[in-house]
Amino acid sequence: MSEGTMQRRAQREQPERAKRLTRVLVCAAAVPVMLVATGCSSDSGSGDGGDKAASASASASPSPTVQAAAYRTLPEACGVLSEKTLKDLAPKAKSGKEGSSDDVAARASCSWSSLDNNGVKGSQFRWLNVSLLRFESDTTRGPGDKLAKEYYDKQVRDVRATPGARSLTARPVAGTGDEATAVRYDLKKDEGTFKQQTVVARVENVVVTLDYNGAGLAGDKAPDADALLADAKKAAREAVLSVTKANGPGAASGSPSAPASKAPSASASGKD
């Protein structure tokens, strides 16, 4: 090959090499750009995960709370009435009979029976019962006073629906807790006609049910129903006051609580 031919071939190859070099440089320059883009994409993904975690945390519900019940205990059931009151209502009763309870801080009761035997002139019978039921605040069911209100309403309805009750009347009672109702009626039994007085009262988260009845037996005349009702109202007010005193001054104000106890609230019948 002549020198002139080689020179012409070299001249033709120079532009081709230049083009190839340019393509290599362009590709080399593109690599860092891709790496940077990839790095940004990775950071963005991490940021999305953080945002999702933060969003999930923000949307999580806090622990439920409920207003604490005002009263946390009950007085001794057989001690809610004074000796004078017991002597007036059940003069021949020797002592009260405490009802069974698996938790005396939530439910308690006591009853007294009195029989004044006058021989051939007949006898006067009296029966007195006090039941106390306390409701604890519950995150599922609601505040204790609301639960007590529901039970109070049910108790009044149940007393008014007593089978065989005659001449039944129901009236609100003032000055006895947050609300109170007196239900009175006659109940005919084999022994005679019993004059029944029931006072249902609610004070904060506690329901007090006081039953008082009397009858003239063996030919003795029936007691005066108005007098029995007056005594029952007086005793109910005394029982409510005992509940308040048992929880100390300021207990009725209640206080916001931390997450409330999830233990089941009391739900037993007020009559034991």
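Model, not experiment: these values are computed from the prediction.

**Student:** Give a detailed account of unusual backbone geometry, specifying residues and quantitative values.
**Tutor:** Backbone geometry at Ser167 places phi at a positive 50°, although glycine is not the residue there. Within the secondary structure, Ser167 sits in strand β4 (residues 166-172).

**Student:** So what's going on with the pairing of β4? Which residues, and what values?
**Tutor:** Alignment of β4 against strand β5 (residues 179-189), held across 5 bridges, turns out to be antiparallel. From the neighbouring strand, Thr169 faces β5, where its bridge partner is Arg184.

**Student:** So what about the state of the cysteines? Which residues, and what values?
**Tutor:** Scanning the model with the defined rule gives 1 disulfide in all. Across a sulfur-sulfur distance of 2.0 Å, Cys78 and Cys110 are joined as a disulfide pair. The chirality of the disulfide connecting Cys78 with Cys110 is right-handed, given an S-S dihedral of about 95°. Taken together, the positions of Cys78 in the loop between α1 (3-59) and α2 (83-89) and Cys110 in strand β2 (residues 107-117) put the pair 32 residues apart, joining distant regions of the chain. By relative accessible area, Cys78 is classed as partly exposed at 22%.

**Student:** Could you give me a rundown of the sheet that holds strand β6 (residues 192-203), with the residues and numbers involved?
**Tutor:** Ordered by their spatial adjacency, 7 strands build an open sheet running β1-β2-β3-β7-β6-β5-β4, and the pairing between neighbours is antiparallel. In this open sheet, the two edge strands, each paired with only one partner strand, are β1 (97-98) and β4. Those strands touched by helix α3 (residues 144-160) are β3 (123-134), β4, β5, β6 and β7 (206-217), and its axis lies near 165° from that of β6. On top of the sheet, helix α4 (residues 225-246) reaches β3, β5, β6 and β7; it is set at about 30° to β6, its chief contact.

**Student:** Lay out α3 in plain terms, naming residues and giving numbers.
**Tutor:** The end-to-end C-alpha distance of α3, which contains 17 residues, comes to 24 Å, matching closely the 24 Å that a straight helix rising 1.5 Å per residue would cover. Within the sequence span of α3, burial applies to Gly144, Leu147, Ala148, Tyr151, Tyr152, Gln155, Val156 and Val159.

**Student:** Go over α4, please, and point to the residues and values.
**Tutor:** Here α4 is 22 residues long and its end C-alpha atoms lie 31 Å apart, about the 32 Å a rise of 1.5 Å per residue gives. The set of residues buried in α4 consists of Ala225, Leu228, Leu229, Ala232, Ala235, Ala236, Glu238, Ala239, Val240, Ser242 and Val243. Buried residues in α4 make contact with α2, β3, β5, β6 and β7. Where α4 begins, the capping side chain belongs to Asp224, and its oxygen is found 3.3 Å from the backbone nitrogen of Asp226. After α4 finishes, the residue Gly248 shows a positive phi value of roughly 80°.

**Student:** Before we move on, could you go through the confidence of the model for the chain and cite the residues and values that matter?
**Tutor:** In this model, the chain carries a mean pLDDT of 81, and residues with pLDDT of at least 70 account for 69%. Ignoring residues within four places in sequence, the model shows residues 24-42, a span with pLDDT below 50, making 0 contacts including any to other chains. Across residues 253-272 the pLDDT falls below 50, and counting only partners more than four positions away or on other chains, this stretch makes 52 contacts in the model.

**Student:** Please give an account of the environment of Gln67 that cites residues and values.
**Tutor:** Tracing the backbone shows Gln67 in the loop between α1 and α2. The exposure class of Gln67 is partly exposed, given its relative accessible area of 38%. In this structure the C-alpha to C-alpha distance between Gln67 and Gly144, which are 77 residues apart in sequence, comes to 8.1 Å.

**Student:** Run through the pattern of salt bridges, naming residues and quoting values.
**Tutor:** Applying the stated criterion to the full structure yields 10 salt bridges. Lys84 serves as the salt-bridge partner of Asp88, at 3.2 Å between the closest nitrogen and oxygen. Of the two residues, Asp88 and Lys84 both sit in helix α2, 4 residues apart, roughly one turn of that helix. For Asp88, a relative accessible area of 39% translates into the label partly exposed. One salt bridge connects Asp186 with Lys195, and the closest N-O pair in it is separated by 3.1 Å. Here the residues in one salt-bridge network are Lys149, Asp153, Asp178, Glu179 and Arg202, joined through shared partners.

**Student:** Break down the side chain of Glu179 for me, with residues and values.
**Tutor:** With respect to the element layout, Glu179 can be found in strand β5. A polar contact of 2.9 Å, which involves the side chain of Glu179, links it to the side chain of Lys149. Looking at Glu179, its side chain comes within polar contact range of the side chain of Arg202, at 2.7 Å. Not counting chain neighbours up to four residues away, the residues in contact with Glu179 comprise Lys149, Tyr152, Val200, Ala201 and Arg202.

Conventions we followed
Residues numbered from 1 in each chain as written. Predicted model: local features only at pLDDT ≥ 70, side-chain atom pairs only at ≥ 80, totals over all residues. Heavy atoms only, no water. Helix = DSSP H or I, 4+ residues; strand = E, 2+ residues; numbered from the N terminus. Pairing = 2+ DSSP bridges. Disulfide = S-S within 2.5 Å. Buried < 20%, exposed > 50% of the residue type's maximum accessible area, 1.4 Å probe, protein only. Contact = heavy atoms within 4.5 Å. Axes fitted to C-alpha atoms, helices over the stretch in contact; angles between N-to-C directions. Expected span 1.5 Å × (residues − 1). Polar contact = N/O pair within 3.5 Å; in protein donor to acceptor, adjacent residues only side chain to side chain. pLDDT = per-residue confidence, 0-100. Salt bridge = Lys/Arg side-chain N within 4 Å of Asp/Glu carboxyl O.

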